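# Architecture at a glance
Single-letter residue listing:
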Amino acid sequence: VIVIEPGAVSTELVDHITHGAAKQVTEHFYEATAITADDVAQIIAFAVSRPRSVSLNEILVRPTAQA
């Protein structure tokens, strides 16, 4: 089992926010800091392609600009 903990990832999440001010703040935050879903996919591919002799337990991945 590998736990992958992504930080801010650019997804369709913002499209589902109905509160105007919250949506605007979130859009600005994601535009300034978010990594792509492809970034996360590449990390997952790396994790699952390790040899059986390697154990990855947890991966925390987030944009360098995210506090």
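Below or above, wherever it landed, is the structure these notes cover. (Residues numbered from 1 in each chain as written. Predicted model: local features only at pLDDT ≥ 70, side-chain atom pairs only at ≥ 80, totals over all residues. Heavy atoms only, no water.)

This part is about the pairing of strand 4 (residues 58-61). Along strand 4, the buried face is formed by I59 and V61; none of E58 and L60, which line the opposite face, is buried. In terms of strand pairing, strand 1 (residues 3-6) meets strand 4 through 4 bridges, oriented parallel. The partner of E5 across the bridge, within strand 4, is L60. (Buried < 20%, exposed > 50% of the residue type's maximum accessible area, 1.4 Å probe, protein only. Helix = DSSP H or I, 4+ residues; strand = E, 2+ residues; numbered from the N terminus. Pairing = 2+ DSSP bridges.)

Our focus in this paragraph is the packing of aromatic side chains. Using the criterion set out here, one finds 1 aromatic pair in the structure. Centre to centre, the rings of F29 and Y30 are 5.7 Å apart; their planes meet at 55 degrees, and the pair counts as tilted. On the basis of relative accessible area, F29 is assigned to the partly exposed category, the value being 33%. Under the relative-accessibility criterion, Y30 is labelled buried at 18%. (Phe/Tyr/Trp six-rings, centres within 6.5 Å; stacked < 30°, edge-to-face > 60°.)

So, about the environment of V25. Assignment of secondary structure puts V25 in helix 1 (residues 20-33). Residues V25 and V14 lie 11 residues apart in sequence; the distance between their C-alpha atoms is 9.8 Å.

Another aspect to go through is a negative patch on the surface. A cluster of acidic residues, E12, D15, E27 and E31, forms a negative patch at the surface. In this structure, D15 sits in the loop between strand 2 (9-10) and helix 1. A residue is classified by how much of its surface remains accessible, and D15, at 57% relative accessible area, is exposed. (Patch = residues over 30% accessible without salt bridge, like charges linked within 9 Å, V, L, I, M, F, W, Y side chains within 5 Å. Areas by Shrake-Rupley, 256 points an atom, 1.4 Å probe, with all protein chains shown as cover. Salt bridge = Lys/Arg side-chain N within 4 Å of Asp/Glu carboxyl O. Lys, Arg positive; Asp, Glu negative; His and termini not counted. Charge placed at Lys NZ, Arg CZ, Asp CG, Glu CD.)

The next point concerns a nonpolar patch on the surface. Residues I2, I44 and V48 make up a contiguous nonpolar surface patch of roughly 250 Å² in combined accessible area. Here I44 is to be found in helix 2 (residues 37-48). Judged by relative accessible area, which is 38%, I44 ranks as partly exposed.

A few words now on the side chain of T26. Structurally, T26 can be placed in helix 1. Within the structure, T26 has its side chain in polar contact with the backbone oxygen of A22 (distance 2.8 Å). Ignoring anything within four residues of it in the chain, the contact list for T26 reads V14 and I17. (Polar contact = N/O pair within 3.5 Å; in protein donor to acceptor, adjacent residues only side chain to side chain. Contact = heavy atoms within 4.5 Å.)

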